[in-house]
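Structural overview for review
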Amino acid sequence: MKHLLLAVALLAPLASHAGPASNIAWTPETLSLVKKGDLNKGKSLAESCQSCHGAKGEGIAAENRDGETIPAIPALAGQIATYTYKQLRDYFDGSRSHDSMTAIAKGLGEQDAADLAAWFASLPMPQHKAAGQSSARAEKMVSQGDGKRILPPCSVCHGSRGQGEKMDIPALAGQQADYFASTLLAYKNGERHNDVYSRMRLIAQQLSEAEIKELASFYQQLK
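Read on for a plain summary of the structure. Quantities reported herein were computed from a predicted structural model and do not represent experimental measurements.

We now examine the pattern of salt bridges. One pass over the full model with this rule turns up seven salt bridges. Across the pair Arg89 and Glu110 runs a salt bridge, and its minimum N-O distance is 3.8 Å. Of this pair, Arg89 sits in helix H5 (residues 81-93) while Glu110 sits in helix H7 (residues 110-122); the two residues are 21 residues apart in sequence, bridging distant segments of the chain. Within the structure, one salt-bridge network assembled from shared partners comprises Asp146, Arg149 and Glu211.

Relative to the helices and strands, Gln176 resides in the loop between helix H9 (154-158) and helix H10 (177-188). Among all residues touching Gln176, those that are not within four sequence positions of it are Glu58, Gly59, Ile60, Ala61, Ile73, Ala75, His128 and Gln220.

Considering all chains together, one arrives at one cavity of 30 Å³ or more under this definition. Of the voids in this model, the largest cavity is the one considered here, and its volume is about 60 Å³. Taken together, Ala75, Leu76, Ala77, Gly78, Gln79, Met125, Pro126, Ala171, Leu172, Ala173, Gly174 and Gln175 make up the lining of the largest cavity. Residues of the lining of the largest cavity, tallied by class, amount to eight nonpolar, four polar and no charged.

Where helix H2 (residues 28-35) meets H5, the closest approach of the two axes is 10 Å, and the angle between their N-to-C directions is 110°. On the basis of their axis angle, the class for H2 and H5 is roughly perpendicular. Residue-level contacts link Thr30, Leu31, Leu33 and Val34 of H2 to Ala81, Thr82 and Tyr85 of H5. Considering only residue class, the contact of H2 with H5 consists of five nonpolar, two polar and no charged.

Here we take up the layout of surface pockets. Empty space within the second largest pocket amounts to approximately 190 Å³. The wall of the second largest pocket is formed by twelve residues, among which Ala177, Asp178, Ala181, Lys213 and Ala216 lie closest to the centre. For the lining of the second largest pocket, the secondary-structure elements that each account for two or more residues are H10 and helix H12 (209-220). Examining the composition of the lining of the second largest pocket, we find that six residues originate from one element, H12, more than from any other. Of the residues in the lining of the second largest pocket, the class split is five nonpolar, four polar and three charged.

Here we come to H12. The first and last C-alpha atoms of H12 sit 17 Å apart over twelve residues, in line with the 16 Å expected at 1.5 Å per residue. Within the sequence span of H12, burial applies to Glu211, Ile212, Leu215, Ala216, Ser217, Phe218 and Tyr219. Buried positions along H12 lie against helix H8 (136-143), H9 and H10.

This part covers the side chain of His158. Along the chain, the position of His158 falls in helix H9. For His158, a relative accessible area of 10% translates into the label buried. Sequence-distant contacts of His158, defined by excluding residues within four places in its chain, comprise Gln163, Gly164, Ile169, Pro170, Leu172 and Met200.

As a further point, take the environment of Asn40. In this fold, Asn40 is placed in helix H3 (residues 39-46). Residue class for Asn40 comes out exposed when judged on its relative accessible area of 64%. Note: C-alpha distance between Asn40 and Trp119 (79 residues apart in sequence) is 7.7 Å.

The rules we used
Residues numbered from 1 in each chain as written. Predicted model: local features only at pLDDT ≥ 70, side-chain atom pairs only at ≥ 80, totals over all residues. Heavy atoms only, no water. Salt bridge = Lys/Arg side-chain N within 4 Å of Asp/Glu carboxyl O. Helix = DSSP H or I, 4+ residues; strand = E, 2+ residues; numbered from the N terminus. Contact = heavy atoms within 4.5 Å. 1 Å grid on protein atoms, 1.4 Å probe; cavity = no way out; pocket = protein on both sides within 12 Å on 5 of 7 lines; lining within 4 Å. Points joined across faces, edges and corners; volume = space filled by probe spheres on them. Nonpolar A, V, L, I, M, F, W, Y, C, P; charged D, E, K, R; others polar. Axes fitted to C-alpha atoms, helices over the stretch in contact; angles between N-to-C directions. Parallel < 35°, antiparallel > 145°, perpendicular 65-115°, else oblique. Expected span 1.5 Å × (residues − 1). Buried < 20%, exposed > 50% of the residue type's maximum accessible area, 1.4 Å probe, protein only.

In short, geometric facts, not functional conclusions.
What follows is the structure, given as structure tokens:
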């Protein structure tokens, strides 16, 4: 509770002039739609996602091909269903943009997005081997944050084990480190802006690139 109050106290002044960056309204009807997502239909739809997100929704790490870096693709397995649904609808309405995902999402209806979200949420989170590097600074950021820099503990929103919370707060455990890092950098430079009330942008702007990489490594190997 103390950490939660700290987070609210630190972020409230900065977020007071910010607004929602998504058209999703978590009405009882929308929550029910996602909760009742059809797993069988979601599994069928997800077959077309495998080439990018992996056969088990594990995502793909960044790699080099012919001297060109191929960006990492996120893991979707075990992700909070409401979060996946929100991202698909954000791509659909333009709140978030991506060359491939925008086109894909525009071909999905609300029910399709709910079914896909339910299917990926039903899959086990990816498991990665420990990186073998020090994670002391990342662990401190996750459990304690840094009040001097307006940084609440990551665990306040994302959970003590990176499991995520209801609505729009994603699970982070098992996420591809390269994707995690690129996402925080996108929030940091304003390239990504579909975080409600600018929460992640405000936080990412206070993080160094080294801290972002350490957090990415920490969460990728978290079980």
